[in-house]
Amino acid sequence: MSNIKFWKPAYQLFRHDEPLMNKELEEFYVRREDSPVDTLVNLLEMDDDPS
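Described in the following lines is the structure provided in the data block. This structure is a prediction, so every number in the text was calculated from the model and none was measured.

In terms of regular secondary structure, the chain is built from three helices and zero strands. Along the chain, from the amino end to the carboxyl end, the secondary structure elements read α-α-α. Looking at the chain residue by residue over its 51 residues, the buried ones come to 4%.

Here is the structure:
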């Protein structure tokens, strides 16, 4: 059940050496419930001198 109109631009945006930024990030980033991102952000915010 693939939709070529969605996947083609996503594939063309993919550059393994560069992160998605701005509008590209908003369109293709999916937050997952089991992601460790929130835990990591909280830990870094609690540190007085974050890395």
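Across all of its chains, the model carries one aromatic pair by this definition. Look at Phe6 and Trp7: their rings are 4.8 Å apart centre to centre, the planes differ by 85°, and that puts the pair in the edge-to-face class. Relative accessible area serves as the criterion here: at 38%, Phe6 is assigned to the partly exposed category.

Together, Leu25, Tyr29, Val37 and Val41 make up a nonpolar patch on the protein surface, roughly 310 Å² of accessible area in all. The topology assignment puts Tyr29 in the loop between α2 (22-28) and α3 (37-46). For Tyr29, a relative accessible area of 43% puts it in the partly exposed group.

This part is about the environment of Phe14. In this fold, Phe14 is placed in the loop between α1 (4-13) and α2. Under the relative-accessibility criterion, Phe14 is labelled exposed at 60%. C-alpha of Phe14 to C-alpha of Glu24: the two residues are ten residues apart in sequence and 9.9 Å apart in space.

Let's shift gears to the environment of Glu24. Assignment of secondary structure puts Glu24 in helix α2. Relative accessible area serves as the criterion here: at 23%, Glu24 is assigned to the partly exposed category.

Rules used throughout
Residues numbered from 1 in each chain as written. Predicted model: local features only at pLDDT ≥ 70, side-chain atom pairs only at ≥ 80, totals over all residues. Heavy atoms only, no water. Helix = DSSP H or I, 4+ residues; strand = E, 2+ residues; numbered from the N terminus. Buried < 20%, exposed > 50% of the residue type's maximum accessible area, 1.4 Å probe, protein only. Phe/Tyr/Trp six-rings, centres within 6.5 Å; stacked < 30°, edge-to-face > 60°. Patch = residues over 30% accessible without salt bridge, like charges linked within 9 Å, V, L, I, M, F, W, Y side chains within 5 Å. Areas by Shrake-Rupley, 256 points an atom, 1.4 Å probe, with all protein chains shown as cover. Salt bridge = Lys/Arg side-chain N within 4 Å of Asp/Glu carboxyl O.

Any link to function would need more than the numbers given here.
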